[in-house]
Amino acid sequence: MSYWSSIPPRRAHILLVDDNIDELQLLLAALRGEGHRISMAFDAMQGYRRATALQPDLILLDVRMGGADGFAACRLLKADHATAHIPVIFVTSCCSVSERLTGLHEGAVDYILKPYEPAEVLARVSVHLVLASSKHAHAAASGEETSPDAPREAGPDRVIALAAQRIVTSDLANVPPLPELAARVGTHEKRLSRVFRELTGRTVFEFVREARLSEARRLLAESALSVEEVGLAVGFSSAANFSTAFRERFQTTPSGFRSTLGAKAAPLPLPVSEA
């Protein structure tokens, strides 16, 4: 007997997001045979919208669908406080390691490759439902779920902005161009630009620049990287460009800023003892 078989099975509400209904018949039958309640969505953005409305216990999400892909939906799900807690399992025919790592990096708890055995899907679903229940119970016992400081549900525009900000700050050296950034959060560049202006008071470009300079300031203060290495680490193409942008923002050069920190940290000279 396995550890998981010793735990009573949990009947759950599962949202299945896939654009190929013909491939799902065996899986649907297997899930319903276990007593699970199933809801369906047929594209990534519909899946995200239905998740916010239905609050399922778990989401099975295809990666490659028409329009926005499953990664975009997962980014929004994890940026939205109302759905961030819902475990997401990607189900896809792509077996590349890079795609699996992308899915896990975006917040998925597991990856299932097509073609799959329904029994394996059921086992993985069961495991993650148990884990999610345990996490939920722990949060409730510790008062985390009722904390007055918990963020309120965000509107769709704020969720898009948060998801885009996470992409930017996760890899400042490789921020995607605006059209790609918008596509990765399931929208278009005109809407993303409007959302940023309305919610942050900045354009996307201004947000990226500020994020890069703030991180550069931290690295100059806390790391041993050279000025050129810091500039490259946060996405500036040359030390000259980095130095110019840093001076405009902080009224000092990167080297000057670091020198000031060194002077402040220098120990006071020891008093000279009298003969």
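> How should I be thinking about the sheet that holds strand 5 (residues 110-113) in this particular structure?
Two orientations exist for strands paired in a sheet by backbone hydrogen bonds: parallel and antiparallel. The strand order across the open sheet formed by five strands is 2-1-3-4-5, and the pairing between neighbours is parallel. The strands lining the two open edges of the sheet, one partner per strand, are strand 2 (37-41) and strand 5. The mean angle between the axes of side-by-side strands here comes to 20 degrees, regardless of whether they run parallel or antiparallel. Of the strands in this sheet, strand 1 (13-17), strand 2 and strand 3 (58-62) are in contact with helix 1 (residues 25-33), which crosses strand 2 at around 150 degrees. On the sheet, helix 4 (residues 97-105) packs against strand 4 (88-92) and strand 5 and is oriented at approximately 145 degrees with respect to strand 5.

> In this structure, what is going on with the nonpolar core? I would like to understand it.
Within soluble globular proteins, side chains that are nonpolar generally end up buried alongside one another. One finds Ile59, Leu61, Leu76, Phe90 and Leu192 to be the most contacted residues of the largest nonpolar core, which totals 41 residues. Among residues more than four places away in sequence, those in contact with Ile59 are Leu15, Val17, Ala51, Leu77, Ile86, Pro87, Val88 and Ile89.

> So what exactly am I meant to see when it comes to the pairing of strand 3 here?
Across a regular strand the side chains alternate sides, sitting on one face of the sheet and then on the other. Strand 3 sits mainly inside the fold: five of its five residues count as buried. Side chains Leu58, Leu60 and Asp62 of strand 3 all project onto a buried face; the interleaved residues Ile59 and Leu61 project onto the opposite face, where all are buried too. For strand 1 and strand 3, the ladder comprises four bridges, and the chain directions are parallel. Within the sheet, the bridge partner assigned to Leu15 lies in strand 3 and is Ile59.

> Where do I start with the packing of aromatic side chains in this structure?
Aromatic rings in a pair are described by how distant their centres are and how their planes are angled relative to each other. Across all of its chains, the model carries seven aromatic pairs by this definition. For the pair Phe71 and Phe90, a centre-to-centre distance of 5.3 Å together with 75 degrees between the ring planes defines the contact as edge-to-face. With Phe71 in helix 3 (residues 70-79) and Phe90 in strand 4, this residue pair connects regions lying 19 residues apart in the sequence. The exposure classification of Phe71 matches that of Phe90, with both residues buried. Pairing Phe90 with Tyr111 gives two aromatic rings, centres 5.6 Å apart and planes at 35 degrees, and the pair type is tilted.

> Can you walk me through the environment of Gly70 in this structure?
The residue Gly70 is located in helix 3 in this model. Through-space distance from the C-alpha of Gly70 to that of Thr92 is 9.5 Å; in sequence the pair is 22 residues apart. Contacts of Gly70, omitting those with residues within four sequence positions, involve Ala44, Leu61, Asp62, Val63, Met65 and Phe90.

> Can you help me understand the pattern of salt bridges in this one?
Oppositely charged side chains are able to pair whenever their charged atoms sit close together. The tally for this structure, following the rule as stated, stands at 13 salt bridges. In this structure, the salt-bridge partner of Lys114 is Asp18, at a minimum N-O distance of 2.9 Å. Of this pair, Lys114 sits in the loop between strand 5 and helix 5 (118-142) while Asp18 sits in the loop between strand 1 and helix 1, and the two are 96 residues apart along the sequence. Of the two residues examined, Lys114 and Asp18, each falls in the buried class. Residue Asp157 is joined to Arg191 by a salt bridge in which the shortest nitrogen-to-oxygen separation is 2.9 Å. A residue pair is termed long-range when its members are at least 10 positions apart, and Asp157 in helix 6 (residues 156-170) and Arg191 in helix 8 (residues 189-200) qualify at 34 residues. Among the ionic contacts, a cluster of salt bridges with common partners joins Asp157, Arg191, Arg194 and Glu198.

Here is what the cut-offs are and how they apply
- Residues numbered from 1 in each chain as written.
- Predicted model: local features only at pLDDT ≥ 70, side-chain atom pairs only at ≥ 80, totals over all residues.
- Heavy atoms only, no water.
- Pairing = 2+ DSSP bridges.
- Helix = DSSP H or I, 4+ residues; strand = E, 2+ residues; numbered from the N terminus.
- Axes fitted to C-alpha atoms, helices over the stretch in contact; angles between N-to-C directions.
- Contact = heavy atoms within 4.5 Å.
- Core = buried A, V, L, I, M, F, W, Y, C linked by side-chain atoms within 4.5 Å.
- Buried < 20%, exposed > 50% of the residue type's maximum accessible area, 1.4 Å probe, protein only.
- Phe/Tyr/Trp six-rings, centres within 6.5 Å; stacked < 30°, edge-to-face > 60°.
- Salt bridge = Lys/Arg side-chain N within 4 Å of Asp/Glu carboxyl O.

In short, the description is geometric, and any link to function would need to be established separately.
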